[in-house]
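Below, each chain spelled out in residue letters.
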Amino acid sequence: MQNKKVAVIGGGPAGLMAAEVLSEAGVAVDLYDAMPSVGRKFLLAGKGGLNLTHSESADRFAERYGERRTQIEALLRSFGPQQLREWAHGLGIETFVGTSGRVFPADMKAAPLLRAWLNRLRHPVHGGAGVQFHMRHRWLGWAEDGRTLRFDTPQGEARAQADAVVLALGGGSWARLGSNGAWVPLLAARGVAVAPLLPANCGFDVAVQRHLPAQGQSLPVQAVPAAAGWSEFFASRFAGQPFKTVAVSFTNAQGLTFQRKGEFVATATGVEGSLIYAASSLLRDEIIRTGHATLYLDLLPDFTPERVLAEVAHPRGSRSLSSHLKSRLGLDGIKMALLHELLSKDEMHDATRLAAAIKALPLRLVAARPLDEAISSAGGVLFEVLNDDLMCAALPRLFCAGEMLDWEAPTGGYLLTACFASGRQAGAGVLRYLAA
Ligand SMILES: Cc1cc2nc3c(=O)[nH]c(=O)nc-3n(C[C@H](O)[C@H](O)[C@H](O)COP(=O)(O)OP(=O)(O)OC[C@H]3O[C@@H](n4cnc5c(N)ncnc54)[C@H](O)[C@@H]3O)c2cc1C
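Here we summarise the structure given alongside this text. (Residues numbered from 1 in each chain as written. Predicted model: local features only at pLDDT ≥ 70, side-chain atom pairs only at ≥ 80, totals over all residues. Heavy atoms only, no water.)

1. Focus on the pairing of strand E14 (residues 242-251)
Our working rule: Strand pairing is assigned whenever DSSP identifies at least 2 bridges connecting the two strands. Put simply, DSSP H or I for four residues or longer makes a helix, DSSP E for two residues or longer makes a strand, and each gets a number counted from the N terminus.
With 8 bridges joining them, E14 and strand E15 (residues 257-266) adopt antiparallel strand pairing. Bridge assignment links proline 242 to a residue of E15, and that residue is valine 265. The turn linking E14 back onto E15 is made up of 5 residues, and glycine 255 within it adopts a positive phi angle of 90°. Pairing analysis gives 3 bridges linking E14 to strand E17 (residues 293-298), with the strands arranged antiparallel. Paired with valine 248 across the two strands is leucine 297, which belongs to E17.

2. So, the sheet that holds strand E20 (residues 398-400)
Worth spelling out the cut-off: Working convention: axes come from line fits to C-alpha atoms, limited for helices to the stretch in contact. Angles between N-to-C directions cover 0 to 180 degrees.
Pairing within the open sheet is parallel, and its 5 strands lie in the order E6-E2-E1-E10-E20. Because the sheet does not close on itself, it has two edges, and the strands there are strand E6 (132-134) and E20. Going from strand to strand, the sheet's axes swing by 20° on average, the running direction of each strand aside. Direction of pairing for strand E1 (residues 5-9) relative to strand E10 (residues 164-167): parallel, over a ladder of 4 bridges. The residue bridging valine 8 from the neighbouring strand is valine 166, located in E10.

3. Considerations on helix H9 (residues 274-290)
Each full turn of the α-helix corresponds to 3.6 residues, which orients residues three or four apart in the same direction. Our working rule: Expected helix span is taken as 1.5 Å per residue step, with the number of steps being one fewer than the number of residues. A residue's bend is simply the angle between two axes: one fitted to the seven residues ending at it, one to the seven starting at it. Only protein chains enter the accessibility calculation, which uses a 1.4 Å probe; a residue whose area is less than 20% of its type maximum is buried, one above 50% is exposed, and one in between is partly exposed.
End to end, H9 covers 24 Å across 17 residues, agreeing with the expected 24 Å (1.5 Å per residue, within 8%). Helix geometry: H9 is bent most strongly at serine 280, by close to 60°. Considered for burial, the residues of H9 that qualify are Leu275, Ile276, Tyr277, Ala279, Ser280, Leu282, Leu283, Arg284, Glu286 and Ile287. Looking one or two places after H9, you find glycine 291, whose phi comes out positive at around 95°.

4. Focus: the sheet that holds strand E4 (residues 95-97)
Convention followed: Any two residues whose heavy atoms approach within 4.5 Å are treated as being in contact.
With respect to topology, 3 strands assemble into an open sheet ordered E3-E5-E4, the strand pairing being antiparallel. The sheet is open, and its two borders are formed by strand E3 (53-54) and E4, each paired with just one other strand. Sheet strands touched by helix H5 (residues 81-90): E3, E4 and strand E5 (102-105). Its angle to E4, the strand with the most contacts, is close to 145°.

Fair warning: the whole summary comes from geometry, so function is off the table for now.
So this is what it looks like as structure tokens:
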């Protein structure tokens, strides 16, 4: 291995992990990244508390990868949540299990871990040259010989050769941090099958049915076609505000159901946040198939439908409907505003219909927010065109790892764990390839 040279392109968690495995085996590693520094998305992930992995059972953990369970489970067998925690400890980073079972570094941050990691990659304890970092090198594909790597650098185009190449270019979200999905056509042109990149763990735009008074009277109302986004009133008052402890349920055309209690946030045009992200792959796919997805919101998940109906129907005397609902059910603020936003006046003043809406308020979603805004990407290089070591069948010597592979998972540490695991697998795969 001593005289072998490997190029790792992309310095996120996956690329750095591949570089580490290779460098520890004595292979010379050149790591290229388009940005002035590596690990930018990893650092961003640390801003809200770096959720490294999850402590649930291996079976439950593997389930999170849905249709790609088999492929990701194979990677986790060599480097799963426990190995990841031990690896972090090896960098001097203690981890703890939060109340939800999620695993975080003791200080919740990504920066100290990345700093210690980069230091070890540059100055390995086992000796050797360490990983050579080439920043501001945007990979452009291959030269005419199909083998030489081309990079755009501030000094003009640079070229490089390597015995093997690991691509760990990330997905297509948050392009300003480096991963912009520009690699998709480069690989497709070389016969590597790639599923289109789609937003995952993303927000959605709503469409609201507006109700207008019929001509010349205030009741009955007539509905006009649903318009994209909230009303100006709702958006200006409530964008950025949370819906606390609600439940959402959604059943797609195939009968797959998502049901969970939690929180989410209203945006200027729709909804986002943990509860929405958790349902996002089902919602996104339904919108792709049918043009919309209707989510049902339970605004009072701790109240039975009977109790809600009894409280709504309770005589309210001269009190306004708002103060009645607030005093009897604690409904106010954004929840109350949403009822006004989505229900007609008729419905608001019909106790049976209002009570039913409080427990199952239909919210029509019409578009996933753009990929660039998403936490992660679905789609990517198909596992079917890779061998078990993540090497492209069509392009021997080329390995792929991380979010650029075709898998998706919810938030909860599953994204980083699979990126780390696939980076290790690609690194180990290169070693096996070079040894053969
Ligand atoms: C706001 C936010 C919070 C998150 N929080 C968490 C969390 O708490 N837990 C979790 O598990 N996951 C989290 N994630 C997801 C996680 O950060 C990513 O899944 C992970 O960083 C992907 O790793 P990667 O190595 O595959 O790609 P990336 O981290 O995207 O790295 C890819 C690298 O490739 C480089 N690159 C791209 N194209 C080129 C090119 N043509 N030439 C050269 N270099 C190139 C980029 O500059 C980048 O450095 C979060 C994501 C976001 C956006």
